[in-house]
Amino acid sequence: MDENTSEIPKTTAEIAEGDEEVRSLFLYNRTSPIGGIYFLFLVNRMQMHYFILIMPVYLVHSYMVWGIIVMGLLSQLNLMMMSKWFNSSYAAKGYQGFLQLFGKRAVQVFAILGFLIILFKISIITLGYVEMLHSFIYPSMNKKWLILMILLISLFVASHGMEKTLRFVIIAFLCGAWIVIMFIPFFFPPIANYRDLYPLIPTEWSGQSWQGLLFIWSAFSGPVYLVFMVPWLSSNKKISKYLVIGNMLTIIEFSLLFIASVLFYGSNFLSKINFPIGYMGSYIQTSGLERIDHILISFHMFNYVFDISILLLSLYGAGRVFMRKMNKGATRIGFLSSWFIILMSIILMDQWLWETIPGQKMLLNIQIWLGAFIYLLVPAILFTAVKRKESM
């Protein structure tokens, strides 16, 4: 008799339990903490999303380079406050740490707000990048196919779990950080016109200038989403050093791309172009390769895939918190439902609002205000809550 046939048949309950395990996904497993130089990459890449592509349009005047530096230094203060949270015992406990700091009811409210904010952010950065792909590489393709393609790739990356997706940041960094070097030739004549750099000190300050500062502050806000990933991150005491270096790299990249844009277009023409950095890419010429802009835009996709994958996992996690599913394992149905909600949200926004200029401006302004608002509040709230608990 075959050895396997002698086994006692499983009960219905055991079969059901086994099926449940099969359906479960190990999206939030942890094998080893992520720290050190990963913090540097995470901070830097989470700040280099869609906003960098349109930043020169919102800043326009050359003296706004000081705005990048000032907002970047203020961002350093926020990251120092966040490092206090990362080094606390509450951060190491993850969800339980949030409960100890704020209580169950408040955490559920935060989870609902976080779910909506993340859903909106994913929608805007996806629509922005798809708009760029459609304008430069696939003008005849229906944008809905491009949306579906980006989201499917992100779904594949995210399905490997939070830990592996966070480690994917190294690929995103290696595929994206070098792009800024391609714009160095714009600093040198005959393309560069140094008279466009004046005035370096503003002779007048308008509402557009204040909006530019708000935009820069919002562009620096990416690392605030690391709060959702704290169980996978190390609580090493040197975290603040890597956070600061990652933020400094972003200041340098923002400044270089903005100054190159001013030198190439001039302040008067800059505000009239949708994707100034994208169009500058089409002027980069080599003896062996043509359409360098297509290559640069394609490599930029790694950053978007990383961003969307991380946010997808965070969105599903926030949904589990406010639906009180934290004691149950992640499931395929829940994960795919989160992805489907994102897909529908993006398609509806594209259909009703993104296609029109007023609608697109409204969505971008909401995202700018939301990003600035949460980057102002979240680090301060966490820092104050940890300090208050430690003093009790």
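Our subject in this report is the structure included herewith.

Parameters at a glance
- Residues numbered from 1 in each chain as written.
- Predicted model: local features only at pLDDT ≥ 70, side-chain atom pairs only at ≥ 80, totals over all residues.
- Heavy atoms only, no water.
- Helix = DSSP H or I, 4+ residues; strand = E, 2+ residues; numbered from the N terminus.
- Rg over C-alpha atoms; globule rule 2.2 N^0.38 Å.
- Buried < 20%, exposed > 50% of the residue type's maximum accessible area, 1.4 Å probe, protein only.
- Polar contact = N/O pair within 3.5 Å; in protein donor to acceptor, adjacent residues only side chain to side chain.
- Contact = heavy atoms within 4.5 Å.
- Phe/Tyr/Trp six-rings, centres within 6.5 Å; stacked < 30°, edge-to-face > 60°.
- Lys NZ or Arg CZ within 6 Å of the ring centre and 35° of its normal.

Some details on the overall build of the protein chain
Consideration 1: Secondary structure summary: the protein chain contains 17 helices and two strands in total.
Consideration 2: For 392 residues, the compact-globule formula gives about 21 Å, and the C-alpha radius of gyration of the protein chain, at 23 Å, lands near that figure.
Consideration 3: Across its three principal axes, the protein chain shows a C-alpha extent of roughly 85 × 55 × 40 Å.
Consideration 4: Looking at the protein chain as a whole, 52% of its 392 residues are labelled buried.

A closer look at the side chain of S123
Consideration 1: By the element assignment, S123 lies in helix α7 (residues 104–136).
Consideration 2: A polar contact is formed between the side chain of S123 and the backbone oxygen of L119, at a distance of 2.7 Å.
Consideration 3: Of the polar contacts made by the side chain of S123, one reaches the side chain of S345; its length is 3.0 Å.
Consideration 4: Those residues in contact with S123 that sit more than four places away from it in its chain are S345, I346 and M349.

What to know about the packing of aromatic side chains
Consideration 1: Scanning the model with the defined rule gives 24 aromatic pairs in all.
Consideration 2: A ring pair is formed by Y58 and F215, whose centres lie 4.5 Å apart and whose planes are at 10°; its orientation type is stacked. One end of the pair, Y58, is in helix α3 (residues 50–59); the other, F215, is in helix α11 (residues 207–219), and 157 residues separate them in sequence. In this pair, the class of Y58 matches that of F215, namely buried.
Consideration 3: Taken together through their ring pairs, the aromatic side chains of F183, F186, F264, Y265, F269 and Y283 make up a single cluster.
Consideration 4: Cation over ring: R167 sits above Y38, and NZ or CZ is 5.4 Å from the ring centre.
Consideration 5: Between R320 and the ring centre of Y316, over which it is positioned, the NZ or CZ distance is 5.9 Å.

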